[in-house]
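For reference, the chains in residue letters:
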Amino acid sequence: MLDFLEGLGGATLRVLARLGLASRFFVTVLARTPGALRRPGLLIPQVHFAGVRSLAIIVVSGLFVGMVLAVQGYEVLQRFGSADSLGSLVALSLVRELGPVVAALLFAGRAGSAVTAEIGLMRATEQLAAMDMMAVDPVARIVAPRFLAAVVSLPILAAIFSSAGVLGAYLVGVELIGIDSGAFWSQMQASVDFRMDVLNGLFKALVFGVAAGLICVFEGYHAAPTAEGVSGATTRTVVISSLSVLTLDFILTVLMFRGLN
Amino acid sequence: MNRSKINIAVGLFVALGMAALVFMALKVGNLVSFDSGVGYRLEARFDNIGGLRVRAPVKSAGVVVGRIEAVYLDKDTYEAVAQLRIRPEYRFSNDTIAVILTSGLLGEQYLSLDAGGDSRYLADGERIIKTQSAMVLEKLIGQFLYNKAAESSGDRK
């Protein structure tokens, strides 16, 4: 019994210590972020890595998610004789939910894990310590640009994901299944509101960008300087980012859309 | 890749993001086709507005001419008040009739404006006097049953 209590207490203290470390690190990164904005030479290659090179996976996934939504949505809607509402079903689910969330999950898997591995390896090979020795702040030079790149890239990627999804749904719904193209677009425009749906969706993506960006730089910066440490940190980045994106999504959805009707 | 190529790629990426935003604003959303801030406001009172909601379309002869801006209950008369925003290019005569209809059997409810013949036009902030409330299916069925019962009891006499 005493052993169990001891284990429980130790685990709780470890979680609390980790959370405290993370919070302090987040404040440090946020304080260095304005400096990173003034140094585009550091920021732009990171946006290139996190954003531009994620384009292929985002566009292809968006197209396929849109096409699957069109097929599945049509199956259900035609039972109620309202296949014409396919446009609004697809656009609302993409713009409000799937665009920001799936883009963030893909981003955490593709770019977040790579950033963690990169910073973790820099820690393991003592490059970060060497920078410190040369009076170069590693948080300002390495961490802040990578964090900012995630914040900048994710809303853009989410917008591209949603647009690709709508185009995919158009291809399948209108060109393949044969829904009237006028009804498809007009139903969509009647139900999607630019401010309430599109801008709220992009705001979600911005929040996810902050969360995923902070988690991936934190895990990398505080990775144990061993091979196992770096691999464990990479895994934790993907798991924790995905879980926090989904949790944040639920909270934001309740705040944004519950008062609509 | 050298620096300028990276800059060009990032520039293209941001431009693509803006293009996606414009696409969502114009083609997916309805930012330009109807801006809710434009147009004049009318008011219509109903005994029952059924499922009419904010942002539902206002149509005349099937064409969308505006949207419902607000719905609330008058505290004194217990009437439902719907505020409509009508596009500035459409004018409606004083004796226009506002009817709440349903698109399709189970579709969304919208407000239909049937133009009248009066030469005076409704101005900003004025009220549409002639209105017809939403059809509530339960009441309709109840009325039908009541009439049936009255008929059959009349037959027995």
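Residues numbered from 1 in each chain as written. Chains lettered and ligands numbered in written order. Predicted model: local features only at pLDDT ≥ 70, side-chain atom pairs only at ≥ 80, totals over all residues.

Right, let's talk about the overall build of chain A for a bit. Each helix and strand in chain A was counted, giving nine helices and zero strands. Helices (α) and strands (β) of chain A occur, in sequence order from the N terminus, as α-α-α-α-α-α-α-α-α. C-alpha extents for chain A along the principal axes are approximately 65 × 55 × 35 Å. (Helix = DSSP H or I, 4+ residues; strand = E, 2+ residues; numbered from the N terminus.)

Turning our eyes to something else, we now look at the overall build of chain B. Counting its regular elements, chain B contains two helices and eight strands. Listing every helix and strand of chain B by position from the N terminus yields α-β-β-β-β-β-β-β-β-α. Counting across all 157 residues of chain B, residues that qualify as buried make up 24%. The contacts in chain B between residues at least 6 apart in sequence include a share of 62% that link residues at least 24 apart. (Buried ≥ 20, exposed ≤ 12 C-beta atoms within 10 Å, placed from the backbone. Contact = placed C-beta atoms within 7 Å.)

This brings us to the interface of chain B and chain A. In this complex, chain B contributes 22 residues to the contact, which on the side of chain A involves 25 residues. Here the side of chain B that touches chain A gets 15 residues from one element, more than from any other, and that element is helix H1 (residues 3-28) of chain B. Considering only residue class, the side of chain B that touches chain A consists of 14 nonpolar, five polar and three charged. (Nonpolar A, V, L, I, M, F, W, Y, C, P; charged D, E, K, R; others polar.)

Position of Ser163 of chain A among the secondary structure elements: in helix H6 (residues 138-177). Ser163 of chain A gets classed as buried once you count the C-beta atoms within 10 Å, which come to 26. The residues contacting Ser163 of chain A, other than those within four sequence positions of it, are Ala20, Phe23 and Met24 of chain B.

Attention now goes to the confidence of the model for chain A. For chain A, the mean per-residue pLDDT works out to 91, and 99% of the residues sit at or above 70. The element-level mean pLDDT for chain A is lowest in helix H7 (residues 181-191) of chain A, coming to 81, with helix H3 (residues 55-77) of chain A highest at 94. (pLDDT = per-residue confidence, 0-100.)

Let us now look at the sheet that holds strand S2 (residues 57-60) of chain B. One key point about sheets: their strands pair by backbone hydrogen bonds, in either a parallel or an antiparallel sense. Overall, mixed pairing links the eight strands, which are arranged S7-S1-S4-S3-S2-S6-S5-S8 (chain B) in an open sheet. Edge positions in the sheet fall to strand S7 (127-128) and strand S8 (130-132) of chain B, since each has one partner strand and no second. (Pairing = 2+ DSSP bridges.)

With that out of the way, let us pick up H7 of chain A. Among the residues of H7 of chain A, those classed as buried are Phe184, Gln187, Met188, Gln189 and Ala190 of chain A. Buried residues along H7 of chain A sit against helix H4 (86-124) and H6 of chain A together with H1 and S2 of chain B.

This part takes up the domain arrangement of chain B. Segmentation of chain B into domains returns domain 1 (1-33) and domain 2 (40-142). For domain 1 of chain B versus domain 2 of chain B, the separation of C-alpha centres amounts to 40 Å. (Domains from an automatic or database assignment.)

Moving on to the pairing of strand S1 (residues 40-46) of chain B. All names here are of chain B. Looking at chain direction, S1 and strand S4 (residues 80-86) are connected through seven bridges and run antiparallel. By the bridge assignment, Tyr40 is partnered in S4 with Ile86. Sheet topology note: the S1/S7 ladder contains two bridges and is parallel. Bridge pairing in S7 places Glu43 opposite Arg127.

Turning next to the packing of H4 of chain A against H6 of chain A. Residue and element names in this part refer to chain A. It is at 7 Å that the axes of H4 and H6 come closest, and there the two elements cross at 145°. Our pair here, H4 against H6, has a crossing hand that is right-handed. Residues that form the contact of H4 with H6 fall into these classes: 22 nonpolar, four polar and one charged. (Axes fitted to C-alpha atoms, helices over the stretch in contact; angles between N-to-C directions. Left-handed = near helix turned anticlockwise from the far one by under 90°.)

Residues and elements named next belong to chain B. Two elements, S2 and strand S6 (residues 109-114), share two bridges in a ladder whose sense is parallel. What sits directly across from Val58, in S6, is Leu111. In this structure, strand S5 (residues 97-102) lies alongside S6, joined through six bridges in antiparallel fashion. Bridge pairing links Ile100 to Leu111 in S6.

Next up on the list: the packing of H4 of chain A against helix H8 (residues 194-221) of chain A. Residues and elements named next belong to chain A. Direction vectors running N to C along H4 and H8 enclose 15°, while the axes themselves pass 8 Å from each other. Here H4 is positioned roughly parallel relative to H8, judged by the angle of their axes. Crossing angle aside, the handedness with which H4 passes H8 is right-handed. (Parallel < 35°, antiparallel > 145°, perpendicular 65-115°, else oblique.)

If you look at the biggest cluster of nonpolar residues, it comprises 80 residues, and the most contacted ones within it are Ala103, Ala104, Leu154, Ala212 and Val217 of chain A. Among the elements that take part in this core, H6 of chain A stands out by supplying 22 residues, more than any other. When residues no more than four places from it in sequence are discounted, the contact partners of Leu154 of chain A are Ala103, Ala104, Phe107, Ala205, Leu206, Phe208, Gly209 and Ala212 of chain A. Residues Leu42, Ala80, Leu84 and Tyr110 of chain B belong to the second largest nonpolar core, which totals 22 residues. (Core = buried A, V, L, I, M, F, W, Y, C linked by C-beta atoms within 7 Å.)

All names here are of chain A. Counting through the fold element by element, Ile58 comes out in helix H3. Exposure remark for Ile58: the 24 C-beta atoms within 10 Å place this residue in the buried category. Between the C-alpha atom of Ile58 and that of Ser162, which follows or precedes it by 104 residues, the distance is 9.5 Å. Among residues more than four places away in sequence, those in contact with Ile58 are Ala103, Leu106, Leu157, Ile160 and Phe161.

Here Ala135 of chain A, not a glycine, exhibits a phi torsion of approximately 60°, which is positive. Checked against the element boundaries, Ala135 of chain A lands in the loop between helix H5 (127-133) and H6. Using a count of 6 C-beta atoms within 10 Å as the deciding quantity, one classes Ala135 of chain A as exposed. Phi is positive for Tyr78 of chain B, close to 55°, though the residue is something other than glycine. Residue position: Tyr78 of chain B is located in the loop between strand S3 (63-73) and S4.

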